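Structure assessment
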Amino acid sequence: MWGCITDFFTYETTKSVVVKSWTIGIINRVVQLLIISYFVGWVFLHEKAYQERDTAIESSVTTKVKGFGEHHNKIMDVADYVTPTQGASVFCIITKLISTDNQVQGLCPESKMKFNCDSNDDCARILTRPGSNGLLTGECVPFNSTLKRCQIKGWCPAEIDDVPVKPMMEVENFTIFIKNSIRFPRFNFNKGNFLPTINSSYINTCNFDFESNSYCPIFKVGDVVRLANQKFINLANNGGVIGIKISWVCDLDKSEEECKPAYSFTRLDAMSEKNNVSPGYNFRFAKYYKAENGTEYRTLLKAYAIRFDVMVNGDAGKFNMIPTLINMVAAFTSVGVGAVLCDIILLNFLKGADQYKAKKFEEVSDTNIERTESYTSAMYRTRDHSQLSIKPEDKFSNDSGAFSICQ
């Protein structure tokens, strides 16, 4: 116990030992070179750690779709196939519609085969189960001349949504116009995706492509689908969700013209593409009317659509002295890691490690100091001015305190 107490109340101070060894010298310089290269090449040049960063980008997106198509022998324009109509960053282009006309409130048989029945008892057993088109009444009624199905209360006739319908293939040539404005509030920097080189005549003729028109804000639907590695015919039949990403990575130490948008495209609902339970993307909406006698009726529409999500992210940086100093201090401090590694190798793995320990760690106690002072006083009393030295009783320690793995 006393030994533990005395060991606890000790203090270690630095002692410099020059080791002339090719092995440990080469390791030390190589480690230092790697650390310096990492900070200069990666931290400062690639990651630009000398800059203050702003990732809280503020963004607004407006969109506009143009094109005409034919569906069910009917010419459709933007008002027919785009929803919602506000031109927001999330919008749908309808490719296929299944229509159920002249629905009125009343009683009628369900349209799904899972509601087939022979008697009212069959329907009573599933009375608490939600119907697909209305509220179940518990009665079994004729569906046609051969089948009976459970009755519902709701909009009648019930929808039949498995009717084969050809999609509107003209959608592939429709164009999407995207207007994006961004702001980095920390630097009060504003920019838009209309670069100074873009003018009205260019807008009227360009279509986005990565090679010659990488900053054109007009995108052909077919090109967007292809760049997202999808087949248009599959999306037109089943629907899907496509993401249009606009990335702003700006170095504000350079000219403002160097801050440009970068576009990328991906399918966001890739899971539904592989799932047969609910493939693609579809939704329902209705158009309501009122007859002359005041009876309300509607046309129910099941729409298969390609949904586009325009997503904006950004990161801007500008030189600032505080992060520069912080990273410089971190670089200089990290160079000391080379000394730690070399000490571990020197004191544990090289030949003659015990002699290195004896040179590096020297134990000095109060008793040693008293003996040295007595010895020095005696020498002065005898007027012996020879060189002072530590008495042989002084000890050398093998305890590294931090670097030695074993004693």
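Values in this document were obtained by computation on a predicted structure and should not be read as measured data.

Where a strand is regular, its side chains alternate between the two sheet faces. Here strand E7 (residues 134-142) runs beside strand E8 (residues 148-156); their pairing, made up of six bridges, is antiparallel. If you follow Leu136 over to E8, its bridge partner there is Ile152. Adjacent in sequence and paired antiparallel, E7 and E8 are bridged by five residues.

Applying the stated rule across the entire model yields five disulfides. The disulfide partner of Cys108 is Cys156, and the gap between their sulfur atoms is 2.1 Å. Residues Cys108 and Cys156 share a disulfide whose torsion about the S-S bond is about -80°; that sign makes it left-handed. Separated by 48 residues along the polypeptide, Cys108 in strand E6 (residues 90-109) and Cys156 in strand E8 bring together distant segments of the chain. For the residue pair Cys108 and Cys156, the accessibility class agrees, reading buried in each case. Between Cys117 and Cys140 runs a disulfide, and the two sulfur atoms are separated by 2.0 Å. Judged by the sign of its S-S torsion, about 95°, the bond between Cys117 and Cys140 is right-handed. A residue pair is termed long-range when its members are at least 10 positions apart, and Cys117 in the loop between E6 and helix H4 (120-125) and Cys140 in strand E7 qualify at 23 residues. Comparing Cys117 with Cys140 shows no difference in burial state: the two are buried. If you count the bonded cysteines of the protein from the N-terminus, they pair up as 1-6, 2-4, 3-5, 7-8, 9-10.

Attention now goes to the packing of helix H2 (residues 22-46) against helix H10 (residues 337-348). Running from N to C, H2 and H10 cross one another at 150°; their axes reach a closest spacing of 9 Å. The angle between the axes of H2 and H10 places the two elements in the roughly antiparallel class. The element H2 and its partner H10 pack so that their crossing is right-handed. Two secondary-structure elements touch here, H2 through Ile24, Ile27, Asn28, Val31 and Ile35 and H10 through Val337, Gly338, Ala339, Leu341, Cys342, Ile345 and Leu346. Within the contact of H2 with H10, the residues separate by chemical class into 10 nonpolar, two polar and no charged.

Turning our attention to the packing of H2 against helix H9 (residues 321-335). At their nearest, the axes of H2 and H9 sit 9 Å apart, and the two run at 160° to each other. Comparing the axis directions of H2 and H9 gives the class roughly antiparallel. The two elements H2 and H9 meet at a crossing, and its hand is right-handed. On the side of H2, the interface is formed by Gln32, Ile35, Ile36, Phe39, Val43 and Phe44, while H9 contributes Thr324, Asn327, Met328, Ala330, Ala331, Ser334 and Val335.

Summed over the entire model, instances satisfying the criterion amount to 11 salt bridges. Across the pair Glu159 and Arg284 runs a salt bridge whose closest N-O atoms are separated by 2.9 Å. A residue pair is termed long-range when its members are at least 10 positions apart, and Glu159 in the loop between E8 and strand E9 (175-184) and Arg284 in strand E14 (residues 282-290) qualify at 125 residues. For Glu159, a relative accessible area of 4% corresponds to the buried category. Judged by its relative accessible area of 42%, Arg284 falls in the partly exposed class.

On the surface, Met1, Trp2, Ile5, Phe8 and Phe9 cluster together into a nonpolar patch covering about 730 Å² of accessible area. Here Phe8 shows up in helix H1 (residues 2-8).

Further remarks concern the side chain of Gln230. Tracing the chain through its elements places Gln230 in the loop between helix H6 (221-227) and helix H7 (232-238). Judged by relative accessible area, Gln230 falls into the buried class, the value being 17%. Within the structure, the side chain of Gln230 is placed 3.1 Å from the side chain of Arg267, a separation counted as a polar contact.

For the structure on display, the rule yields 17 aromatic pairs. Their ring planes at 20° and their centres at 5.4 Å tell us that Phe91 and Phe308 sit as a pair that is stacked. Of this pair, Phe91 sits in strand E6 while Phe308 is found in strand E15 (residues 296-319), placing the two residues 217 residues apart along the sequence. Across the pair, Phe308 and Phe91 agree in class, each one buried. Relative to Tyr263, the ring of Phe219 lies with its centre 5.1 Å away and its plane at 65°, an arrangement referred to as edge-to-face. With Phe219 in strand E11 (residues 218-220) and Tyr263 in strand E13 (residues 261-267), this pair connects stretches of sequence that are 44 residues apart. Residue Phe219 is classed as buried on the basis of its relative accessible area, which comes to 1%. Residue Tyr263 is classed as buried on the basis of its relative accessible area, which comes to 5%. Joined through ring pairs, the aromatic side chains of Phe208, Phe210, Phe219, Tyr263 and Phe265 make up one cluster. The ring of Phe143 has Arg149 sitting right over it, with the charged end atom 4.1 Å from the ring centre. Just above the ring of Tyr281 sits the side chain of Arg307; from NZ or CZ to the centre is 5.7 Å.

Rules of the game
Residues numbered from 1 in each chain as written. Predicted model: local features only at pLDDT ≥ 70, side-chain atom pairs only at ≥ 80, totals over all residues. Heavy atoms only, no water. Pairing = 2+ DSSP bridges. Helix = DSSP H or I, 4+ residues; strand = E, 2+ residues; numbered from the N terminus. Disulfide = S-S within 2.5 Å. Buried < 20%, exposed > 50% of the residue type's maximum accessible area, 1.4 Å probe, protein only. Axes fitted to C-alpha atoms, helices over the stretch in contact; angles between N-to-C directions. Parallel < 35°, antiparallel > 145°, perpendicular 65-115°, else oblique. Left-handed = near helix turned anticlockwise from the far one by under 90°. Contact = heavy atoms within 4.5 Å. Nonpolar A, V, L, I, M, F, W, Y, C, P; charged D, E, K, R; others polar. Salt bridge = Lys/Arg side-chain N within 4 Å of Asp/Glu carboxyl O. Patch = residues over 30% accessible without salt bridge, like charges linked within 9 Å, V, L, I, M, F, W, Y side chains within 5 Å. Areas by Shrake-Rupley, 256 points an atom, 1.4 Å probe, with all protein chains shown as cover. Polar contact = N/O pair within 3.5 Å; in protein donor to acceptor, adjacent residues only side chain to side chain. Phe/Tyr/Trp six-rings, centres within 6.5 Å; stacked < 30°, edge-to-face > 60°. Lys NZ or Arg CZ within 6 Å of the ring centre and 35° of its normal.

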